[in-house]
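Structural characterization, general
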Amino acid sequence: MDPASLVAYRVTFGLLMVIAVGRFFAYGWIHDHYLAPGVRFPFAGFEWIRPWPGVGMYLHFGLMGLGALGIAFGVAYRVSALTFLLTFTYAHLIDKTYYLNHYYFISLVGLLLVLLPLHRPGAARAWWLWLLRAQVGLVYVFGGVAKLKSDWLVHAQPMKIWLAASTDLPVLGRLFEQPWAPHAFSIAGAVFDLCVVPALLWRRTRWLAYVAVVGFHVLTRLLFPIGMFPWLMMAGALLFFPPDWPRRLASRILRRPVRAPEPRSPPAPLSKRAWVGPTLAAAFIGVQLAMPFRHLLYPGDVMWTEEGFRFSWNVMLMEKDGLAEFRVTEPGTGKRWVVSPREHLTPFQVRMMATQPDMLLTFAHHLARHFAERGHPDVEVRVDAFASLNGRPRQRLVDPNVNLAAVGPWDDLHGWVLPFRAVDPP
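Read on for a plain summary of the structure. Note that the structure is predicted; figures quoted are calculated from it, not measured. (Residues numbered from 1 in each chain as written. Predicted model: local features only at pLDDT ≥ 70, side-chain atom pairs only at ≥ 80, totals over all residues. Heavy atoms only, no water.)

1. Some thoughts on the overall build of the protein
Along the backbone of the protein there are 17 helices and four strands. Relative to its length of 426 residues, the protein is compact, with a C-alpha radius of gyration of 24 Å against a globular reference of 22 Å. For the C-alpha atoms alone, the extent of the protein along its principal axes is close to 85 × 50 × 45 Å. Counting only residues that meet the buried cut, the protein has 50% of its 426 residues in that class. Sequence-distant contacts, at least 24 apart, represent 70% of the contacts inside the protein between residues at least 6 apart. Of the roughly 21000 Å² of accessible surface on the protein, a fraction of 65% belongs to carbon and sulfur atoms. Across the protein, the mean location of the 41 positive side-chain charges is 15 Å away from that of the 27 negative side-chain charges. (Helix = DSSP H or I, 4+ residues; strand = E, 2+ residues; numbered from the N terminus. Rg over C-alpha atoms; globule rule 2.2 N^0.38 Å. Buried < 20%, exposed > 50% of the residue type's maximum accessible area, 1.4 Å probe, protein only. Contact = heavy atoms within 4.5 Å. Areas by Shrake-Rupley, 256 points an atom, 1.4 Å probe, with all protein chains shown as cover. Lys, Arg positive; Asp, Glu negative; His and termini not counted. Charge placed at Lys NZ, Arg CZ, Asp CG, Glu CD.)

2. Things to note about the sheet that holds strand β2 (residues 335-339)
Spatial strand order, β2-β1-β3-β4: four strands in an open sheet with antiparallel pairing. Looking at which strands have only one partner, the edges of the open sheet turn out to be β2 and β4 (395-396). Where strand β1 (residues 320-330) and strand β3 (residues 380-389) come together, ten bridges link them in antiparallel fashion. Across the sheet, the residue bridging to Val 328 is Val 381, located in β3. This element, helix α17 (residues 357-373), spans β1, β2 and β3 of the sheet and lies at about 30° to β1. (Pairing = 2+ DSSP bridges. Axes fitted to C-alpha atoms, helices over the stretch in contact; angles between N-to-C directions.)

3. Points about the pairing of β3
For β3, the buried fraction is high: eight of the ten residues fall into the buried class. Pairing of β3 with β4, which is carried by two bridges, proceeds in the antiparallel orientation. If you follow Ala 387 over to β4, its bridge partner there is Gln 395.

Laid out in structure tokens, this is it:
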């Protein structure tokens with residue numbers, strides 16, 4: 001097939017990543033995310049990934065930007081793509097505080113760009129395009145499946161909270177004040193996520209679907225600070241158009257035919273060895289299909305425990321807030337301390353930790369080490385943590401009688417995370 005759409009996506013993705021890296025420099029996020037915090041919340045099994053000292057993180061992001069430029073312009077393509085993938089993924093595994101679905105998406109697309117030869121002239125294999133289409137489509141499909149909950153469809157939560165906070169927007173603000181608006185937006189969001197991929201695949205509805213993609217992502221960009229995600233998805237949706245669309249667009253702009261370059265040799269039929277790629281691609285998509293369902297292996301409400309919540313395309317699904325206060329005791333001496341997380345964490349870390357059990361556990365272990373370094377090696381750490389889910393009254397998140405310093409990061413959290421008391425949200 002014509003490789004034009006794959007090349008256009010590669011170039012667009014690379015340029016968007018250059019902008020993303022530039023934002024980290026411009027807004028001071030390298031310092032705020034990696035250098036300023038004294039406490040990290042690593043992903044389980046990746047505790048060895050830490051920020052580089054001194055100017056190391058600035059050099060790290062500079063190398064990431066060079067990798068993105070290489071992807072966009074096809075310069076040392078394989079090396080550039082691998083450099084970008086490793087530097088980007090490393091940076092965003094340092095601290096789960098800053099986890100975003102589109103960071104996960106970027107790492108997955110980065111891996112595919114490393115493996116697919118999108119820099120070579122001539123014809124491309126059709127399965128390369130379908131693999132990228134599948135990766136983009138899964139974000140929408142599972143985003144829609146995740147919305148098939150009573151909070152979203154029946155109670156219009158957390159849409160009520162979000163729209164109430166955005167009534168100052170010009171023109172749209174008055175619309176958001178209407179009592180029916182949260183319900184309409186919630187249902188429309190679920191329908192969009194579930195239907196946009198079939199609509200993009202069908203030629204007769206493709207243009208209408210793409211207009212909906214642009215409208216949807218422009219609106220979400222106005223409502224939420226979600227960075228590059230809208231632009232990534234608008235670029236990804238273009239993959240569903242015929243593969244020669246960039247060439248036809250260039251022909252119209254230049255008013256002369258822009259033909260595909262002749263391949264160096266006729267495409268050879270797939271040999272047994274050539275089936276390795278499609279087989280691995282099918283396995284990759286199989287993993288992507290399974291990951292969002294892994295929360296079914298765990299008891300409890302996934303939005304409360306957040307066990308299996310990350311890496312599952314639970315996009316903009318809930319609004320949680322909470323507070324936590326830690327109690328440290330030394331059984332041998334009877335000494336007691338009350339610790340506010342604000343004494344150790346940045347404000348953003350405090351806000352994110354207060355509602356996520358695994359982060360509460362990490363901070364409890366940090367406190368145990370902190371006190372051990374100060375001559376109190378056998379302390380116990382408990383927490384009074386309360387959280388609100390989608391506008392409900394706050395309820396206890398963690399059993400205050402459990403010594404979290406004795407709980408391992410791989411232990412079953414259902415021995416200390418309290419069950420969610422289901423009440424209808426406002």
